[in-house]
Structure formats: structure tokens, C-alpha cells
Amino acid sequence: MNPHPDDHTTGERHHPHPPATPTQARGRRRRATLLTAAVDLLTQGGFAAVTHRAVAHHANLPLAATTYYFASRDQLLAEAFAQLVETELTTTRTWITDHGLTALTDQIATADRARQLGLWELYVHAGRDPALQQIARRWSDGCIRIIADTLHLPATDTRVRLLYTTLSALWLEQVVEQRPLDEARTLLTLAVKTAENALPPP
């Protein structure tokens, strides 16, 4: 019986994941900085603002760093979109947990409008880009899961999908058209009450 169960016959302890070297850690930090810069530019100036050169300048890093970590502008946009989606889903779930589903219109109204415009701009652009389309679906599916969890319904329930569709329309109207908030509150409250009622038989 081996008196040292953590040791192999060589007498050396093997780590399944060796610690990152300083160079690898630096590389991860630089990549994260570039991605944050891409998200910032996306929210400030929209789809057209995100270029390798602009991202490098915003991150205070050389252009070569951007092209090293992101082989194409499409990859840069896709990863920026994915990060923006994850951030917004986390923010939305937290808000609904703290304030309730019918108060989501207030969160939309007080959120960073430029950031919301960047999210929706990429969402629409995803219709022309299969890579972005998968990320757009992640956004929709994530919102549906949040609503389903809030209402204690399965995500496949038709009421959840209907409420998400209503919420999306109100969200887009508020961000783009900035319609009266009271109107959106009333419509969302009615939609939530409808979703909470039992569906009639098909």
C-alpha cells in the first residue's frame, strides 16, 4: 500500500491544472481589457464604433494586441455582445428579485440608455449574422427563464412566452421611442395579471 497516496511512482505530485504563468495572467488581463473597451465603444457609438483600431486606442493598448487576441472584427463584436448579454441578464434578474416583475419598466427607464441601444442594435444585426444569432437567442432564452422562475412556471408555458413578447416590445419602445412610462407600466401590469391566470383550454 502506498504510504503517500497523493504521490505517484516518480515521487512527484501532479497538478491537473498547473498555475498560470505571469505571461498567461497578463494575457488574460489584456484580453479582458480589450473586451471591456469593445463593450464601452458599442454602448457609446453603436455597431460602427467597434473596430480593432478604436478598441486598441480606448484600451490604451497597441493595435497589435487587439488583432492578436481577436482574429476578426466579427469575433470582437460577438464576444462583446455575449458579455453585454450576460451583464444585462444578471442585472434584470437582480432587479426583478428585488422589485418585482411589474417594476421592470422602471429599471428600463433608469438604465443606461446608450448601453440598452447597443444591446438592441446588435440584437437586430444578429438577423444578418449567424454567429450573433446564437447570442441573441441566449438573450431571449435567458429572459424567458427569468420570467418563468418569477412566475413559478415552466419556461415552455405559453403564458411565459407571451409575457416575454409583450415585455420585449415595451422595452424596445422605451429605449428607442421613449414613450410615456405610465403607459408601459399599465400594459406590463395587465400582461403579468393575464399570465398569472390559467390559460383557457385549446
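Residues numbered from 1 in each chain as written. Predicted model: local features only at pLDDT ≥ 70, side-chain atom pairs only at ≥ 80, totals over all residues. Heavy atoms only, no water.

Caption draft 1: Looking closely at a nonpolar patch on the surface. A cluster of nonpolar side chains, namely Leu 117, Leu 172 and Val 176, defines an oily patch on the protein surface of about 210 Å² accessible area. Along the chain, the position of Leu 172 falls in helix α8 (residues 158–176). (Patch = residues over 30% accessible without salt bridge, like charges linked within 9 Å, V, L, I, M, F, W, Y side chains within 5 Å. Areas by Shrake-Rupley, 256 points an atom, 1.4 Å probe, with all protein chains shown as cover. Salt bridge = Lys/Arg side-chain N within 4 Å of Asp/Glu carboxyl O. Helix = DSSP H or I, 4+ residues; strand = E, 2+ residues; numbered from the N terminus.)

Caption draft 2: Spotlight on the packing of helix α7 (residues 130–151) against α8. The contact between α7 and α8 brings their axes to 9 Å, and the two run at 120°. Accordingly, the angle class assigned to the pair α7 and α8 is oblique. Where α7 crosses over α8, the handedness of that crossing is right-handed. Taking contact as the criterion, the partners of Trp 139, Ser 140, Cys 143, Ile 144, Ile 147, Ala 148 and Leu 151 in α7 are, on α8, Val 160, Arg 161, Leu 163, Tyr 164, Leu 167 and Trp 171. For the contact of α7 with α8, a count of residues per class yields 11 nonpolar, one polar and one charged. (Axes fitted to C-alpha atoms, helices over the stretch in contact; angles between N-to-C directions. Parallel < 35°, antiparallel > 145°, perpendicular 65-115°, else oblique. Left-handed = near helix turned anticlockwise from the far one by under 90°. Contact = heavy atoms within 4.5 Å. Nonpolar A, V, L, I, M, F, W, Y, C, P; charged D, E, K, R; others polar.)

Caption draft 3: Layout of the packing of aromatic side chains. The tally for this structure, following the rule as stated, stands at four aromatic pairs. Seen in terms of ring centroids, Tyr 68 and Tyr 69 are 4.9 Å apart; in terms of plane orientation they differ by 85°. Their pairing is edge-to-face. By relative accessible area, which is 17% here, Tyr 69 ends up buried. Ring geometry for Trp 120 and Tyr 123: centres 5.3 Å apart, planes at 70°, overall edge-to-face. One end of the pair is Trp 120 and the other is Tyr 123, both in helix α6 (residues 113–125) and three residues apart, which spans about a single turn. The class of Trp 120 is buried, set by a relative accessible area of 8%. A network of ring pairs unites the aromatic residues Trp 120, Tyr 123, Trp 139 and Trp 171 as a single cluster. (Phe/Tyr/Trp six-rings, centres within 6.5 Å; stacked < 30°, edge-to-face > 60°. Buried < 20%, exposed > 50% of the residue type's maximum accessible area, 1.4 Å probe, protein only.)

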